[in-house]
Amino acid sequence: MNITPYDTPLRGRTTGGQATRLRIMMVSGWESNPYVDCAIRALLKTGACVNLVAREGSDALRDLPACTIHPIFPGHRNGRSYLRMAVLEIIALARVLRLVRKTRPHVVHFQSYRMIRLDWSLFLCLLLLRYKIVFTVHDTHSLEESRLDTCIFTQTARRSHLLLVHSLNAREILMGKWKVNPDRIRVVPHGGYDHYYKRQTSRSSARARLGLHSEFVLLAFGTIRPYKGLDYLLPAVAEARKSIPALRLLIAGRAFNQELGNQYRRQISDLNLGACVGFENRYIEPEEVENFFSAADLVVLPYIRIDQSGVLFLSYTFGKPVLATRLGGLPEFVREGTCGYLVRPGDSRALSTAIIKAWNNREKLAEMGLNARRLIEREYTWERQAEITLESYLSLLGADSSGHDGVRSASASHLV
């Protein structure tokens, strides 16, 4: 049987005179996710057919006929008991397995684990059913330092048929620490978010909406979790403020839990930063995102544990330079002095020094932002990711002995 991402048949043996269109089941498990949205849109342009298994309430990608959304996973509790949620999870598992048997995908692609210890059971069931599994490894370890979760990630990596990662650093970790054969790993670029977020608001308009004027604005964006390193950023801002009276930090994103949010509010108060730190501890609506990035001079990523960062590529989408820690794959994407700065993780003094350096060279920040934007347009593209992902699917099926001949020729014809 020939498999092609296209509707037109290939040369060679086919089934009933027609080539079989490549069928992908994508498992995400969230109501919406900019990364998954952009990745699927690019993949659909290759001609593949995608069934997306998501959370109830998902309405993304409904404008694309070649992608069918299946909102199967339960949403947030919203007052439902734990017992009720457990029953709904079991029902969801059965529905996903029934969907798999009905649609018979060539490849099941896990974009992430939604609830790692529950989704692991689905992963194992699909292995037992002998489906080909591709897993995108966004993080090579538990960011919350859970030994059990890290163990599950390790077993997932070792048992998946192919793994997609976003950096050479992640590839090295998979090969070294997790003992994964390098032939089962592909490095794919993490694209920008032009399709998902608008870029129509000027810097002055964005600042007016946020009540800002001529301040030197730092932005820390995204869900607030311990590994994001705000513990180290806040003291750095307090120190840098002595040299930069106009310094202003915007923290935009919902805290992982109420206790963590309260912890940072106390730290802001203890450091006497109430006048220069804006703490937007809430979900930032998609239409608001451009206001925060357009208003910022520099985006700060003071992570203490990370492999790669979607916020980094969001910053580049808006043409903003970054100040990041030298961790994981970040040094591969942050070109020192060209589109950002790098410092040691967990070091408030280093962060403070870098903030002052950026301020002293603030006339260069716009140029650095343009350099970052060019990376999104020319190197870190979803189209390139789709090409490599498609090749990964086809090479995986080509290695199968069940009669998928001609797959290699399909891949070659696409990439030439």
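Residues numbered from 1 in each chain as written. Predicted model: local features only at pLDDT ≥ 70, side-chain atom pairs only at ≥ 80, totals over all residues. Heavy atoms only, no water.

Engineer: Please explain the pairing of strand S4 (residues 49-55) as it appears in this structure.
Structural biologist: Remark: a regular strand shows side chains that alternate across the two faces of the sheet. Burial analysis of S4 places six of its seven residues in the buried class, which makes it a mostly covered element. Bridging between strand S3 (residues 23-27) and S4 involves five bridges; their strand directions are parallel. The residue of S4 that forms the bridge with isoleucine 24 is valine 50. (Buried < 20%, exposed > 50% of the residue type's maximum accessible area, 1.4 Å probe, protein only. Helix = DSSP H or I, 4+ residues; strand = E, 2+ residues; numbered from the N terminus. Pairing = 2+ DSSP bridges.)

Engineer: Got a minute to help me understand the nonpolar core in this structure?
Structural biologist: Within soluble globular proteins, side chains that are nonpolar tend to cluster in buried spots. With 71 residues, the main nonpolar core has Ile40, Leu52, Cys67, Leu219, Phe221, Phe293 and Tyr316 as its most contacted residues. Aside from chain neighbours lying at most four places away, what touches leucine 219 is Leu250, Ala252, Phe292, Phe293, Ala296, Leu298, Val299 and Val300. One finds Tyr264, Val343, Ala350 and Ala358 within the second-largest nonpolar core, a separate group that totals 36 residues. (Core = buried A, V, L, I, M, F, W, Y, C linked by side-chain atoms within 4.5 Å. Contact = heavy atoms within 4.5 Å.)

Engineer: For this particular structure, what's the right way to read helix H10 (residues 310-317)?
Structural biologist: For an α-helix, the turn length of 3.6 residues means that residues three or four places apart are oriented alike. Where burial is concerned, most of H10 is hidden: seven out of the eight residues are buried. Inspection of H10 places Val311, Leu312, Phe313, Leu314, Ser315, Tyr316 and Thr317 among the buried residues, and these make up the whole buried set. On its buried face, H10 is in contact with strand S10 (216-221), helix H9 (286-295), strand S13 (298-301), strand S14 (322-325), helix H11 (330-333) and helix H13 (365-378). At the N-terminal boundary of H10, the capping side chain belongs to serine 309, with an oxygen 3.2 Å from the backbone nitrogen of valine 311. Phi turns positive, to about 65 degrees, at glycine 319, one or two residues after H10. (Polar contact = N/O pair within 3.5 Å; in protein donor to acceptor, adjacent residues only side chain to side chain.)

Engineer: Honestly, the confidence of the model for the protein in this entry has me stumped. Any pointers?
Structural biologist: Regions with low pLDDT carry predicted coordinates that are not meant to be interpreted in detail. Mean pLDDT over the protein stands at 88; residues scoring 70 or higher make up 89%. Taken as a whole, residues 6-18 scores under 50 in pLDDT and shows 27 contacts with residues more than four places along the chain or in a different chain. In the predicted structure, residues 399-416 sits below a pLDDT of 50 and forms 32 contacts with residues beyond four places in sequence or in another chain. (pLDDT = per-residue confidence, 0-100.)

Engineer: What should I look at first to understand empty space enclosed by the protein in this one?
Structural biologist: It is a probe the size of a water molecule, rolled over the atoms, that shows where empty space is left. Evaluation of the coordinates by the stated rule reveals five cavities of 30 Å³ or more. By volume, the largest cavity amounts to about 90 Å³. If you go around the largest cavity, the residues you meet are Ala220, Phe221, Gly222, Thr223, Ile224, Lys228, Leu230, Ile251, Val300, Leu301, Pro302 and Tyr303. Elements that contribute at least two residues to the lining of the largest cavity include exactly S10 and S13. Class assignment of the residues belonging to the lining of the largest cavity gives a composition of nine nonpolar, two polar and one charged. (1 Å grid on protein atoms, 1.4 Å probe; cavity = no way out; pocket = protein on both sides within 12 Å on 5 of 7 lines; lining within 4 Å. Points joined across faces, edges and corners; volume = space filled by probe spheres on them. Nonpolar A, V, L, I, M, F, W, Y, C, P; charged D, E, K, R; others polar.)

Engineer: Where do I start with the pattern of salt bridges in this structure?
Structural biologist: When charged atoms on two side chains of opposite charge get close, those side chains can pair. Enumeration over the complete set of coordinates arrives at 15 salt bridges. One salt bridge connects aspartate 297 with arginine 203, and the closest N-O pair in it is separated by 3.0 Å. With aspartate 297 in the loop between H9 and S13 and arginine 203 in helix H6 (residues 203-209), this pair connects stretches of sequence that are 94 residues apart. Exposure remark for aspartate 297: the relative accessible area of 14% places this residue in the buried category. With a relative accessible area of 42%, arginine 203 lands in the partly exposed category. A salt bridge links arginine 207 to aspartate 297; its shortest N-O distance comes to 2.8 Å. On the criterion of sequence distance, the pair formed by arginine 207 in helix H6 and aspartate 297 in the loop between H9 and S13 is long-range, its members being 90 residues apart. (Salt bridge = Lys/Arg side-chain N within 4 Å of Asp/Glu carboxyl O.)

Engineer: How should the packing of aromatic side chains be read in this particular structure?
Structural biologist: The relative placement of two aromatic rings is captured by the distance of their centres and the angle of their planes. Tallied over the entire structure, the rule returns 18 aromatic pairs. Where tyrosine 113 meets phenylalanine 153, the ring centres are 6.4 Å apart and the plane angle is 25 degrees; that geometry is what we call stacked. Taken together, the residues span a long stretch of sequence, with tyrosine 113 in the loop between strand S6 (107-110) and helix H3 (116-128) and phenylalanine 153 in helix H4 (residues 147-159) at a distance of 40 residues. By relative accessible area, which is 9% here, tyrosine 113 ends up buried. With a centroid separation of 5.2 Å and an interplanar angle of 65 degrees, the aromatic rings of phenylalanine 313 and phenylalanine 333 are classed as edge-to-face. Pair noted here: phenylalanine 313 is in helix H10 and phenylalanine 333 is in helix H11, with a separation of 20 residues, a long-range link. An identical accessibility class is assigned to phenylalanine 313 and phenylalanine 333; each is buried. Grouped by ring-pair contacts, the aromatic residues Phe110, Tyr113, Trp120, Phe123, Phe135 and Phe153 constitute a single cluster. Above the ring of phenylalanine 256, the side-chain terminus of arginine 225 is found at 4.4 Å from the ring centroid. (Phe/Tyr/Trp six-rings, centres within 6.5 Å; stacked < 30°, edge-to-face > 60°. Lys NZ or Arg CZ within 6 Å of the ring centre and 35° of its normal.)

Engineer: Please clarify how the sheet that holds strand S8 (residues 162-165) should be interpreted in this entry.
Structural biologist: The pairing of strands in a sheet happens through backbone hydrogen bonds and is either parallel or antiparallel. Ordered in space as S5-S4-S3-S6-S7-S8-S9, the seven strands form an open sheet in which the pairing is parallel. Lying at the two open borders of the sheet, with one neighbouring strand each, are strand S5 (67-73) and strand S9 (185-187). Each strand of the sheet is rotated relative to its neighbour by a mean of 20 degrees, with strand direction disregarded. Bridge count for S6 against strand S7 (residues 133-136) is three bridges, and the pairing is parallel. When the bridges of S7 are listed, histidine 109 appears paired with valine 134. (Axes fitted to C-alpha atoms, helices over the stretch in contact; angles between N-to-C directions.)

Engineer: What is the right way to look at the side chain of aspartate 149 in this model?
Structural biologist: Note that aspartate 149 resides in helix H4. Aspartate 149 gets classed as buried once you look at its relative accessible area, which sits at 13%. In contact with aspartate 149, not counting residues within four places along its chain, are Ile116, Arg117 and Ser142.

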